[in-house]
Amino acid sequence: MSDTAAPLAAPLFDRVAILGIGLIGSSLARALTEYGVAAHVVCADRSAEACAKAMELGIVERATTDLAEALDGADLVVLATPVGSFAEVGERIGPLLRPGTIVTDVGSVKQAVLRDVGPHMPEGVHLIPGHPVAGTEHSGPEAGFATLFQGRWCIVTPPSGANPEALDKVAEMWRRVGSTVEIMDANHHDRVLAITSHLPHLIAYTIVGTASYLEDDTKSEVIKFSAGGFRDFTRIAASDPVMWRDIFMNNREAVLDILQRFTEDLTALQRAIRWGEGEVLQDHFTKTRAIRRGIIDARQA
Ligand code: NAP
């Protein structure tokens, strides 16, 4: 465990209800229990199979397909379904929430949470959105693990006027599962993540798609020589299709903006190759190498 986790402190929450027991939901459920952050952790999922799996794996105390049953007595509710489902989930849980409840989420885009969930929150319920910048390309309750958030950032994006105690509790929860918390405006979050996460995924999806359109014999060569860089893209392009559809549908402006910049930069490199400007390429690659070293120094590699 990292030195930011505090397993011996009293539980922050009595009862946490996690909605969506996939990779992130099940990892958080495991971590909240393992590090004593919540006295009781229950979950709701639309899939009876996922609920059965969560019980079989001992991830939660109770798993149900019934939202009302999961929310009963919860002092923290965590939305851990794809971002595109938040409006519907928000609408369904709104009438079930009692005043004083804190609602958070783990969605990869943040303005959409305020837009889609915010209007459904009754008076006295505190919505404090969050995004753990941690994950893998796997999905489902079996894919999760308690240490997923350790040494990772969690970006919390409270709306203006958010309840300070609720904000403190959500931030503290992430610290206790090993993350470092950064408080950020939702709009800024979406712009930063567009370049650090969304664009790289789009590029990976494109490259792997392009390769798969090639002739059969060439395709086998692609697999054979995949260690030459392509393999890393295939791992990223194996990420959950629904989750990524929803990210692009809900961070449209920031992604299109950064894609425009990227296209211009790509064209500049294309031009350097065409005109044999080796020094332009070398300068560029030298700068990007320094960025990689910076990431390693920041322990985010
Ligand atoms: P996941 O493993 O696929 O789990 C998602 C869960 O939500 C599944 O149990 C799924 O049920 C359920 N679900 C899907 N669509 C739903 C709907 N319309 N209504 C209700 N439930 C629905 O996904 P995940 O990777 O944990 O992602 C969950 C959230 O975490 C997303 O908002 C994502 O943006 C965010 N996040 C993901 C990562 C990552 O790397 N994976 C990192 C940070 C944040 P079914 O099995 O029936 O579809």
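Residues numbered from 1 in each chain as written. Predicted model: local features only at pLDDT ≥ 70, side-chain atom pairs only at ≥ 80, totals over all residues. Heavy atoms only, no water.

- You'll find the chain entered in an unreviewed UniProt entry as Cyclohexadieny/prephenate dehydrogenase, with Azospirillum rugosum given as the organism.

## Some words on the overall build of the chain
Step number 1: For the chain, the helix and strand inventory stands at 12 helices and nine strands.
Step number 2: Over its C-alpha atoms the chain spans a radius of gyration of 21 Å, differing by no more than 12% from the 19 Å that the globule rule assigns to 301 residues.
Step number 3: By its C-alpha atoms, the chain is 65 × 40 × 35 Å across when sized along the principal axes.
Step number 4: Sequence-distant contacts in the chain: of pairs separated by 6 or more residues, those separated by 24 or more amount to 75%.
Step number 5: For the chain, the exposed surface amounts to about 16,000 Å²; the carbon and sulfur share of it is 55%.
Step number 6: Here the chain contributes 28 positively and 39 negatively charged side chains, and the mean placements of these two sets differ by 5 Å. (Helix = DSSP H or I, 4+ residues; strand = E, 2+ residues; numbered from the N terminus. Rg over C-alpha atoms; globule rule 2.2 N^0.38 Å. Contact = heavy atoms within 4.5 Å. Areas by Shrake-Rupley, 256 points an atom, 1.4 Å probe, with all protein chains shown as cover. Lys, Arg positive; Asp, Glu negative; His and termini not counted. Charge placed at Lys NZ, Arg CZ, Asp CG, Glu CD.)

## Let's talk about the sheet that holds strand S8 (residues 153-156)
Step number 1: In space, the three strands of this open sheet follow the order S7-S8-S9, with mixed pairing throughout. The open sheet is flanked by strand S7 (130-132) and strand S9 (180-183), the only strands paired with a single partner. Strand-to-strand twist in this sheet, taken as the mean axis angle between neighbours without regard to direction, amounts to 20°.
Step number 2: Pairing between S8 and S9: four bridges, direction parallel. Paired with Trp-153 across the two strands is Thr-180, which belongs to S9.
Step number 3: Running over the sheet, helix H6 (residues 164-176) touches S7, S8 and S9 and is turned about 145° from S9. (Pairing = 2+ DSSP bridges. Axes fitted to C-alpha atoms, helices over the stretch in contact; angles between N-to-C directions.)

## Regarding the pattern of salt bridges
Step number 1: Throughout the structure, instances matching the rule amount to 11 salt bridges.
Step number 2: For Lys-110, the salt bridge identified is with Asp-105, shortest N-O distance 2.7 Å.
Step number 3: Residue class for Lys-110 comes out buried when judged on its relative accessible area of 0%. (Salt bridge = Lys/Arg side-chain N within 4 Å of Asp/Glu carboxyl O. Buried < 20%, exposed > 50% of the residue type's maximum accessible area, 1.4 Å probe, protein only.)

## Remarks on the sheet that holds strand S2 (residues 38-44)
Step number 1: If you trace the six strands from one edge of the open sheet to the other, you get S3-S2-S1-S4-S5-S6, paired in parallel fashion. Each of the sheet's edge strands pairs with one partner strand only, and the pair in question is strand S3 (62-64) and strand S6 (126-127).
Step number 2: Inspection of the sheet shows strand S5 (residues 102-105) paired to S6 by two bridges, in the parallel sense. Counterpart to Val-103 in the pairing with S6 is Leu-127.
Step number 3: Its contacts with the sheet place helix H1 (residues 23-34) against strand S1 (13-19), S2 and strand S4 (76-79), and it is angled at close to 165° to S1.
Step number 4: Against the sheet, helix H2 (residues 48-56) engages S2 and S3, with an angle of about 175° to S3.

## Here's the deal with the packing of helix H7 (residues 186-212) against helix H10 (residues 241-250)
Step number 1: For the pair H7 and H10, interaxial distance at closest approach is 11 Å and the crossing angle is 125°. What the angle tells us is that H7 and H10 run oblique. H7 and H10 meet at a crossing whose hand is left-handed. Across the interface between the two elements, Ser-197, His-198, His-201, Leu-202 and Tyr-205 from H7 touch Trp-244, Ile-247 and Phe-248 from H10. (Parallel < 35°, antiparallel > 145°, perpendicular 65-115°, else oblique. Left-handed = near helix turned anticlockwise from the far one by under 90°.)

## Some thoughts on the site of the ligand
Step number 1: In the neighbourhood of the ligand, 23 residues make up the surrounding shell, with Leu-23, Ile-24, Asp-45, Thr-81 and Ser-108 lying closest.
Step number 2: At 2.9 Å, a side-chain N or O of Arg-46 approaches an oxygen atom of the ligand.
Step number 3: Contact distances for the ligand include 2.7 Å between an oxygen atom and a backbone N or O atom of Thr-81.
Step number 4: When isolated, the ligand has an accessible area of 890 Å², and the protein chains bury 81% of it.
Step number 5: Of all elements in the fold, only H1 and S7 reach the threshold of two or more residues within the shell around the ligand.
Step number 6: For the shell around the ligand, the class distribution of residues is 10 nonpolar, 11 polar and two charged. (Near = heavy atom within 4 Å. Polar contact = N/O pair within 3.5 Å; in protein donor to acceptor, adjacent residues only side chain to side chain. Nonpolar A, V, L, I, M, F, W, Y, C, P; charged D, E, K, R; others polar.)

## A closer look at helix H12 (residues 278-297)
Step number 1: Taking 1.5 Å per residue as the helical rise, H12 with its 20 residues ought to reach 28 Å, and the 29 Å between its terminal C-alpha atoms agrees with that figure.
Step number 2: Backbone geometry just downstream of H12 places Arg-299 in the positive-phi region, at approximately 55°. (Expected span 1.5 Å × (residues − 1).)

## Some thoughts on the pairing of S2
Step number 1: Counting buried residues along S2, five of its seven residues qualify, which places the element largely inside the surrounding structure.
Step number 2: Bridging between S1 and S2 involves six bridges; their strand directions are parallel. Each bridged residue has a counterpart across the sheet, and for Phe-13 the counterpart in S2 is Ala-38.
Step number 3: In terms of handedness, the path from S1 via H1 over to S2 forms a crossover that is right-handed.
Step number 4: Examined bridge by bridge, S2 and S3 share three bridges and lie parallel to one another. Bridge assignment links Cys-43 to a residue of S3, and that residue is Ala-63.
Step number 5: For the crossover that starts at S2, traverses H2 and ends in the parallel S3, the hand is right-handed. (Right-handed = clockwise from strand over helix to strand, strands pointing away.)

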